[in-house]
Amino acid sequence: MNGRDALSIAVLLPDVLGTYSDAGNAVVLAQRARWRGLDADIVPVLADDTPPAGCDIYLLGGGEDTAQVFAVDWLAGHRDVLGAMSGSAVTFAVCAGLQILGTTLIDGSGYSRDGLGLLDLSTAPARARAVGELVSECDVPGVGLLTGFENHRGTTTLGPDARPLGKVCSGIGNGAPHPGGAVDGAVQGDIVATYMHGPALARNPALADHLLWRATGAPFDDADMPDVPDLPALRRTYLAATGRIRATPRAARPGRR
Amino acid sequence: MPQSVTEAVGSTPTRPSPRRQGLWLRGAVRAGVAASSISRNVGLGAGAIIGGRVTMALAPSALAGLAAGRQVVLVTGTNGKTTTAHLLAAALRTVGPVAHNATGANMPDGAVAALMADPAAPVAVLEVDELHLADVADAVAPAVIVVLNLTRDQLDRGSEVRSVAAAVSAALAAHPDTVVVANADDPMVVWAVGATARVVWVAAGSRWTGDANACPRCGGTVHRDRGGGAWRCGCGLTRPVPDWTAGSASTVTGGRVIALPLRLPGSFNVGNAAVATATATALGLDPDVAAAAMSTTSEVAGRYAMTTLHGRRARMLLAKNPAGWAETLHLLGEHPVLLAVNAREADGRDSSWLWDVPFENLVSRHVVASGERAADLGVRLTYAGIDHTTVPDPIAALDALPPGPVDVAANYTAFHRIRRRIDTERGSAE
Ligand SMILES: [Zn+2]
């Protein structure tokens with residue numbers, strides 16, 4: 001935790017990439033840390049701010065085309081933050097956030113531009129927009145089924161250095177052909193990315209806890225952890241469609257790499 | 001003062017009058033009226049929309065024919081369409097009959113139904129869904145188009161805010177002679193209005209900036225003055241000088257103060273009333289007369305209405321998206337609160353928006369979470385630190401609150417379901 005008392009969670013460009021409520025992921029991470037007795041600060045980083053490079057967790061959300069272009073240029077101008085995102089910190093990126101961290105972005109008019117290159121993936125426009133519920137079986141051991149709402153027009157192909165976040169049970173996800181079947185998202189080092197809004201960490205607390213453990217380096221003692229009383233009903237609602245309802249699993253410890 | 005709205009505006013487009021419409025259209029209208037009464041009789045509910053659909057199917061240009069010879073005002077925008085259209089219709093009725101889609105049926109078939117219902121009214125006030133503005137405007141050749149605000153609403157249907165704004169922009173560009181009354185405080189609206197020739201700018205206010213910080217023109221940051229309403233972006237997009245400015249219970253134009261003694265709550269509705277006053281004035285009404293007429297409106301298609309069930313006096317509030325919820329939470333007093341959320345087609349299937357609503361402000365209230373997405377709402381409330389109970393059935397949720405005043409805030413289909421359920425319960429109790 002960078003030697004401080006409080007976990008710091010940076011929400012990058014909520015004013016630019018705030019279209020799909022992904023800042024809710026920060027609220028979930030902060031509350032789950034606090035419920036375990038760990039202080040947490042949410043640091044919104046607006047376009048006019050100089051982003052702090054020493055945060056524990058960086059969050060990137062979804063946004064529209066012009067916002068993506070802006071976000072790539074903005075992050076490219078803050079190399080120290082990019083260094084932290086691919087180094088000491090944990091990064092969770094959703095939708096446009098996933099796309100801009102890749103190597104290549106091709107927009108609707110066929111124009112190709114470089115992404116930030118932190119994830120080995122490239123994104124091209126899909127024929128049709130993917131809009132609807134997305135369920136995947138997470139590849140992170142113990143996390144279980146993930147649920148989220150996807151709304152994007154990207155087809156994302158993973159390169160050899162990026163692994164998928166999960167296998168798609170229903171919905172589209174990355175959209176590009178993948179050996180063994182459709183996948184969603186990407187994991188590379190301490191960067192986790194997905195097409196799931198929802199926000200994803202509210203619907204999938206096991207993934208939230210996995211990110212927290214990666215950021216703090218140690219599992220929590222969960223004796224005092226309060227319930228989120230409505231969560232089982234929420235997960236039943238969204239997982240029912242797949243016929244693969246499962247009680248919320250305890251979060252997995254992060255794999256040591 | 002002019003004798004009629006038509007006379008005041010003057011440049012009535014020359015079109016055949018309703019009386020001279022062809023037989024094909026009159027037949028279509030009759031079939032639509034029949035279907036409308038059938039759907040009401042068998043309890044299908046929104047008879048207005050079904051009647052309109054039949055007419056559209058039988059006569060695709062029914063809308064153009066029905067609008068011919070009338071002065072039509074179209075009201076569009078994400079939030080406040082129904083309220084603004086009601087206030088404007090109340091003002092224009094001081095001059096003569098007004099056709100109006102009062103139930104909020106804002107697709108083209110709803111417009112057809114409203115015009116069918118009042119075939120002799122020389123003036124029509126039609127609220128129109130943003131994505132249908134172009135089609136309806138092309139059909140009715142409107143005298144005025146009102147653009148209130150453009151924020152996020154049902155992203156899974158309308159896709160992105162900016163593309164909705166682009167659709168509105170194209171619709172306005174196709175009608176260069178139409179007067180546009182638009183909100184100067186919303187950068188997305190200002191971008192959409194663009195270089196339209198005849199604009200009346202109203203500083204109607206905008207508490208919601210969640211979608212509007214990114215400049216719609218260049219993607220950069222829109223800078224807002226603290227306290228003042230001015231805003232600008234480095235690319236040059238900036239707030240136009242307003243012709244009208246909404247105050248706390250009044251609106252000002254050219255140094256003249258028009259009192260707005262509304263019976264609807266909230267600064268958002270003062271903004272809506274300022275827009276309606278500016279629009280009525282553009283049509284030739286005296287602004288004080290228009291404002292006085294608006295002060296009689298106390299509910300809008302069931303919104304803000306008071307209803308009593310099982311000893312709970314419920315004030316009914318509708319909120320459809322983060323901007324609307326932010327405004328609605330602002331209206332709540334200290335009473336217990338029933339929140340209800342659905343995620344049907346008309347609501348938008350994606351309930352992510354719950355995370356953009358500042359439910360943290362409900363702290364210390366007695367809160368019940370209800371509706372078909374009560375669990376999503378409940379999870380959001382827990383993370384916001386709001387104690388609550390979760391009761392998906394809205395009547396059971398109402399009963400879970402203590403007798404006395406209750407504020408009911410619900411999104412679109414949840415709102416209408418609660419109203420129907422309360423009506424049914426009250427009916428069976430009599
Ligand atoms: Zn700009």
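Residues numbered from 1 in each chain as written. Chains lettered and ligands numbered in written order. Predicted model: local features only at pLDDT ≥ 70, side-chain atom pairs only at ≥ 80, totals over all residues. Heavy atoms only, no water.

S.K.: What's the story with the sheet that holds strand β1 (residues 7-12) of chain A in this structure? I'm lost.
M.R.: Sheets are built from strands paired through backbone hydrogen bonds, the pairs being either parallel or antiparallel. Residues and elements named next belong to chain A. If you trace the 6 strands from one edge of the open sheet to the other, you get β2-β1-β3-β4-β12-β11, paired in mixed fashion. The open sheet has two edge strands with one neighbour each: β2 (40-45) and β11 (186-188). The mean angle between the axes of side-by-side strands here comes to 15 degrees, regardless of whether they run parallel or antiparallel. Bridge analysis of β1 against strand β3 (residues 57-60) gives 3 bridges, and the strand direction is parallel. Pairing of Ile9 across the sheet is with Ile57, part of β3. Where helix α1 (residues 24-34) meets the sheet, its contacts fall on β1, β2, β3 and β4 (90-94), and the angle it forms with β2 comes to roughly 165 degrees. (Pairing = 2+ DSSP bridges. Helix = DSSP H or I, 4+ residues; strand = E, 2+ residues; numbered from the N terminus. Axes fitted to C-alpha atoms, helices over the stretch in contact; angles between N-to-C directions. Contact = heavy atoms within 4.5 Å.)

S.K.: Is there a simple way to explain helix α6 (residues 205-216) of chain A in this structure?
M.R.: Along an α-helix, a turn takes 3.6 residues, which lines up residues three or four apart on a common side. All names here are of chain A. For α6, spanning 12 residues, the distance from its first C-alpha to its last is 16 Å, which sits close to the expected 16 Å at 1.5 Å a residue. Counting buried residues in α6 gives 11 out of 12 residues, a clear majority hidden from the surface. Within α6 the residues assigned to the buried category are Pro205, Ala206, Leu207, Ala208, Asp209, His210, Leu211, Leu212, Trp213, Arg214 and Ala215. One or two steps after α6, the chain reaches Gly217, where phi turns positive at roughly 80 degrees. (Expected span 1.5 Å × (residues − 1). Buried < 20%, exposed > 50% of the residue type's maximum accessible area, 1.4 Å probe, protein only.)

S.K.: When you look at the coordination of the zinc ion in this model, what are you seeing that I'm missing?
M.R.: Geometry sets the ideal angles at a metal, namely 109.5 degrees for four tetrahedral donors and 90 or 180 degrees for six octahedral donors. All names here are of chain B. The zinc ion binds to the protein through Cys215 (SG), Cys218 (SG), Cys233 (SG) and Cys235 (SG); the donor distances cover 2.2 to 2.4 Å. Metal-centred angles of 97 to 113 degrees between the 4 donor atoms at the zinc ion mark the site as tetrahedral. If you list the donors of the zinc ion from N- to C-terminus, the spacing comes out as C-x2-C-x14-C-x1-C. A residue pair is termed long-range when its members are at least 10 positions apart, and Cys218 in the loop between β6 (199-203) and β7 (223-224) and Cys235 in the loop between β8 (231-232) and β9 (244-246) qualify at 17 residues. The class of Cys235 is partly exposed, set by a relative accessible area of 31%. (Donors = N, O, S within 2.8 Å, 3.2 Å for Na, K, Ca; no water. Tetrahedral: all angles 85-135°; square planar, octahedral: opposite > 155°, others 65-115°.)

S.K.: Honestly, the packing of helix α5 (residues 81-92) of chain B against helix α12 (residues 287-294) of chain B in this entry has me stumped. Any pointers?
M.R.: Residues and elements named next belong to chain B. The interhelical angle for the contact between α5 and α12, taken along N-to-C directions, is 120 degrees, at an axis separation of 8 Å. Viewed along their axes, α5 and α12 adopt a mutual orientation that is oblique. Judged by the twist between their axes, the crossing of α5 over α12 is right-handed. Contact residues: α5 offers Leu87, Ala90 and Ala91, while α12 offers Ala290, Ala293 and Met294. A breakdown of the residues in the contact of α5 with α12 according to their chemical character gives 6 nonpolar, no polar and no charged. (Parallel < 35°, antiparallel > 145°, perpendicular 65-115°, else oblique. Left-handed = near helix turned anticlockwise from the far one by under 90°. Nonpolar A, V, L, I, M, F, W, Y, C, P; charged D, E, K, R; others polar.)

S.K.: How do you make sense of the side chain of Asp22 of chain A when you look at a structure like this?
M.R.: Residues and elements named next belong to chain A. The topology assignment puts Asp22 in the loop between β1 and α1. When its relative accessible area of 5% is taken as the criterion, Asp22 is described as buried. Those residues in contact with Asp22 that lie beyond four places of it in its chain are Gly61, Gly62, Val94 and His197.

S.K.: Teacher, can you tell me more about the packing of aromatic side chains here?
M.R.: The geometry of an aromatic ring pair is captured by the separation of the ring centres together with the interplanar angle, meaning the angle of the planes. Residue and element names in this part refer to chain B. Scanning the model with the defined rule gives 4 aromatic pairs over all chains in all. Between Trp325 and Trp353 the ring centres are 5.9 Å apart and the planes differ by 25 degrees, which places this aromatic pair in the stacked class. Taken together, the residues span a long stretch of sequence, with Trp325 in helix α13 (residues 322-331) and Trp353 in the loop between β14 (337-340) and β15 (367-370) at a distance of 28 residues. Taken individually, Trp325 and Trp353 each receive the classification buried, so the pair is uniform in this respect. Centroid distance Trp355 to Tyr383: 5.8 Å. Interplanar angle 50 degrees. Geometry classified as tilted. Within this pair, whereas Trp355 is found in the loop between β14 and β15, its partner Tyr383 is found in helix α14 (residues 374-383), the two being separated by 28 residues in sequence. (Phe/Tyr/Trp six-rings, centres within 6.5 Å; stacked < 30°, edge-to-face > 60°.)

S.K.: When you look at the state of the cysteines in this model, what are you seeing that I'm missing?
M.R.: Here a disulfide denotes a covalent bond joining the sulfur atom of one cysteine to the sulfur atom of another. Residue and element names in this part refer to chain A. Using the criterion set out here, one finds 0 disulfides over all chains in the structure. You can see Cys169 has no disulfide; the closest cysteine sulfur is in Cys138, sitting 11 Å from it. Of the residues examined, Cys169 reaches a relative accessible area of 27% and is grouped as partly exposed. (Disulfide = S-S within 2.5 Å.)

S.K.: How should the pattern of salt bridges be read in this particular structure?
M.R.: Should the charged atoms of two oppositely charged side chains come close, the side chains can pair. For the coordinates displayed, the defined rule picks out 16 salt bridges over all chains. A salt bridge links Arg344 of chain B to Glu372 of chain B; the nearest nitrogen and oxygen atoms lie 2.6 Å apart. With Arg344 of chain B in the loop between β14 and β15 and Glu372 of chain B in the loop between β15 and α14, this residue pair connects regions lying 28 residues apart in the sequence. We classify Arg344 of chain B as partly exposed; its relative accessible area is 43%. Judged by its relative accessible area of 37%, Glu372 of chain B is partly exposed. Asp393 of chain B is paired through a salt bridge with Arg421 of chain B; the nearest N and O atoms lie 2.8 Å apart. Of this pair, Asp393 of chain B sits in the loop between β16 (389-390) and α15 (394-399) while Arg421 of chain B sits in helix α16 (residues 412-429), placing them 28 residues apart in sequence. You can call Asp393 of chain B partly exposed: its relative accessible area is 30%. It is possible to trace a salt-bridge network through shared partners that takes in Arg32, Arg36 and Asp209 of chain A. (Salt bridge = Lys/Arg side-chain N within 4 Å of Asp/Glu carboxyl O.)

S.K.: What exactly am I supposed to notice about the sheet that holds strand β17 (residues 404-410) of chain B here?
M.R.: All names here are of chain B. Here 6 strands make up an open sheet; going across it, the order is β12-β13-β17-β14-β15-β16 and the pairing mixed. Both outer strands of the open sheet, β12 (306-309) and β16, are each paired with one neighbouring strand and no more. As judged from the 4 bridges shared by β14 and β17, these two strands associate in the parallel manner. Its bridge partner lying in β17, Leu338 is registered against Val408. Where α13 meets the sheet, its contacts fall on β13 (312-318), β14 and β17, and the angle it forms with β13 comes to roughly 150 degrees.

S.K.: Can you walk me through the side chain of Asp56 of chain A in this structure?
M.R.: On the secondary structure map, Asp56 of chain A appears in the loop between β2 and β3. Of note is the side chain of Asp56 of chain A, whose polar atom sits 2.8 Å from the backbone nitrogen of Ser8 of chain A. (Polar contact = N/O pair within 3.5 Å; in protein donor to acceptor, adjacent residues only side chain to side chain.)

S.K.: Any chance you could explain the pairing of strand β8 (residues 145-158) of chain A here in plain terms?
M.R.: Two faces make up the sheet, and in a regular strand the side chains alternate between them. All names here are of chain A. Burial of β8 is extensive: 11 of the 14 residues sit out of reach of the surface. Sheet topology places strand β7 (residues 121-138) next to β8; 13 bridges connect them, and they run antiparallel. Bridge pairing in β8 links Glu137 to Leu145. Where β7 hands over to β8, the hairpin turn is made up of 6 residues, of which Gly142 adopts a positive phi near 90 degrees.

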